[in-house]
Amino acid sequence: ASAGAASTAGAAVCTAALLVSQGRKAGASKTAAIALRAFEQELGVQAPVGYWDRDGDVEAFQRRRSVELKHGRIAMLATMGYITPEIAGKFPGYLSPSAGLKFADVPNGLAAISKVPAGGWTQILLYMSWCEVSRGAGSDIASGRPGDFGWYVLTSADPEQKKKKLSAELANGRLAMMAIIGMFYQDGLTGSAWGDWANYADSPLRAAAPDFSGELGVTPPLGFFDPLGLSKFDDPEVAAQQFKRRRIIEIQHGRVAMLACLGYIVPEYFRFPGYCSPSENVAFADIPNGLKAAPMVPLIGWAQIVAFVGTIEILNLQQIQSDVLGDYGYG
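1. A short note on the overall build of the protein
Alright, step 1. A tally of regular secondary structure across the protein gives 7 helices and 4 strands.
Alright, step 2. Put simply, the protein runs from its N terminus to its C terminus through helices and strands in the order α-α-β-β-α-α-α-α-β-β-α.
Alright, step 3. The buried share of the protein, taken over its 331 residues, is 18%.
Alright, step 4. Counted over contacts in the protein with a minimum sequence separation of 6, partners at least 24 positions apart contribute 43%.
Alright, step 5. Accessible area for the protein stands at about 23800 Å²; split by element, carbon and sulfur atoms hold 65% of it.

Structure, rendered in structure tokens:
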């Protein structure tokens, strides 16, 4: 009896421990869900992603929001710094009278880095540092208003208008961060933020000779698009052969894909009457559409399909194509 009582007591203790554990997990999950929902009303939470973060840490959120706003603002200024000198021109006079350096002498983009004197870079860094610490490092986060440094441009007496403007600042800052990286990348490779890729001699976007720009399928805006440089060979004849091989494969795969797409669509509206396999009593109407049809088709049916495809492929491979790629004489 005592053993039975001990066993019952032990089971009760285990059950209680399990219930407490589950309760804690449920409570933690509920708390996390509440914390995440708390961010759904923040600025920058926009469709289709919504609030895209599963951290739930308020302090981390405010720090990242402050960093995001700073980087977005800098990126917007940097993007305008690329565009404005190209359109509005450059300041008159001298950037550095002591060095005899005029604003007009400073190129646009990354090439300007080596032209600005050390004294100029020192002034830029000192100004940036002053902006960073003048109100105290992290003052915006401490006040609970990330990005608010007491200098207002985007504001309004109407709360909805103010929210709209601040949301636009975040969205434009995110776009500018992507844009400036793209400008840096293209500038570094071509010498200009919107430079001609022909200036980048090693660009994989330009295939080597022979010139395939007049081939079928070369359409704007990409033109002859070979980002991996698969058509670049030292021997022009090898390059031409490889291009023809890939073009034939592309045409074959395209034709098969078009038939496959129709194979998905047509059975939704029409099916053959009668039997797919009279011996196994499988009617066409019994075969579901799509991938579910694979196990329904009898083995002999798959054998016929593979034999037919193989015959077509072998017959096609015997033909040497020179002028019209993908032309197998079927009309």
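2. Some remarks on the confidence of the model for the protein
Alright, step 1. Of the residues in the protein, 76% have a pLDDT of 70 or more, and the chain-wide mean is 77.
Alright, step 2. For the protein, the element scoring lowest by mean pLDDT is helix 1 (residues 2–37), at 48; strand 2 (residues 101–102) scores highest, at 90.
Alright, step 3. Below a pLDDT of 50 lies the segment residues 1–8, which in the model reaches 0 contacts outside its immediate sequence neighbourhood of four places, other chains included.
Alright, step 4. Note that residues 24–36 has pLDDT below 50 and, in this model, 6 contacts with residues that lie over four places away or in other chains.

3. Observations concerning unusual backbone geometry
Alright, step 1. Unlike most non-glycine residues, Asn281 shows phi in positive territory, near 60°.
Alright, step 2. One can find Asn281 in the loop between strand 3 (275–277) and strand 4 (282–283).

4. Some thoughts on the pattern of salt bridges
Alright, step 1. Using the criterion set out here, one finds 4 salt bridges in the structure.
Alright, step 2. Of the charged contacts, one joins Arg174 and Glu68 as a salt bridge, the two residues approaching to 2.5 Å between their closest N and O atoms. Here Arg174 is found in helix 5 (residues 159–190), whereas its partner Glu68 is found in helix 2 (residues 58–87), with 106 residues between them in sequence.
Alright, step 3. Residue Arg174 is classed as partly exposed on the basis of its relative accessible area of 27%.
Alright, step 4. Of the charged contacts in the structure, one is a salt bridge between Arg247 and Glu250, with a shortest N-O distance of 2.9 Å. Of this pair, Arg247 and Glu250 both sit in helix 6 (residues 236–265), separated by 3 residues, roughly a single helical turn.
Alright, step 5. One network of salt bridges, with partners in common, ties together Arg65, Glu68 and Arg174.

5. Some thoughts on the side chain of Arg247
Alright, step 1. Under the relative-accessibility criterion, Arg247 is labelled buried at 14%.
Alright, step 2. Dropping the residues within four chain positions of it, Arg247 is found in contact with Glu215, Leu216 and Leu325.

6. With respect to the packing of helix 2 against helix 5
Alright, step 1. Contact geometry for helix 2 and helix 5: axes closest at 7 Å, N-to-C directions at 50°. Here helix 2 is positioned oblique relative to helix 5, judged by the angle of their axes. Like other packed secondary-structure pairs, helix 2 and helix 5 cross with a definite hand, here left-handed. Contacts between helix 2 and helix 5 involve Arg65, Glu68, Leu69, His71, Gly72, Arg73, Ala75, Met76, Ala78, Thr79, Tyr82 and Ile83 from the former and Glu169, Leu170, Asn172, Gly173, Arg174, Ala176, Met177, Ala179, Ile180, Met183, Phe184 and Asp187 from the latter.
Alright, step 2. Per-class residue counts for the contact of helix 2 with helix 5 are 13 nonpolar, 5 polar and 6 charged.

7. Comments concerning the packing of aromatic side chains
Alright, step 1. Going through the model one piece at a time under the given rule, you end up with 5 aromatic pairs.
Alright, step 2. When the ring of Phe91 is compared with that of Phe103, the centres are 5.6 Å apart and the planes differ by 65°; the resulting orientation is edge-to-face. You can see Phe91 sitting in the loop between helix 2 and strand 1 (94–96) and its partner Phe103 sitting in the loop between strand 2 and helix 3 (118–133), a full 12 residues away along the chain.
Alright, step 3. Between the aromatic rings of Tyr127 and Trp130, the centroid separation amounts to 6.4 Å while the plane-to-plane angle is 25°, which identifies the pairing as stacked. Taken together, the residues Tyr127 and Trp130, both in helix 3 and 3 residues apart, mark about one turn of the helix. In this pair, the class of Tyr127 matches that of Trp130, namely exposed.

Conventions used here
- Residues numbered from 1 in each chain as written.
- Predicted model: local features only at pLDDT ≥ 70, side-chain atom pairs only at ≥ 80, totals over all residues.
- Heavy atoms only, no water.
- Helix = DSSP H or I, 4+ residues; strand = E, 2+ residues; numbered from the N terminus.
- Buried < 20%, exposed > 50% of the residue type's maximum accessible area, 1.4 Å probe, protein only.
- Contact = heavy atoms within 4.5 Å.
- Areas by Shrake-Rupley, 256 points an atom, 1.4 Å probe, with all protein chains shown as cover.
- pLDDT = per-residue confidence, 0-100.
- Salt bridge = Lys/Arg side-chain N within 4 Å of Asp/Glu carboxyl O.
- Axes fitted to C-alpha atoms, helices over the stretch in contact; angles between N-to-C directions.
- Parallel < 35°, antiparallel > 145°, perpendicular 65-115°, else oblique.
- Left-handed = near helix turned anticlockwise from the far one by under 90°.
- Nonpolar A, V, L, I, M, F, W, Y, C, P; charged D, E, K, R; others polar.
- Phe/Tyr/Trp six-rings, centres within 6.5 Å; stacked < 30°, edge-to-face > 60°.

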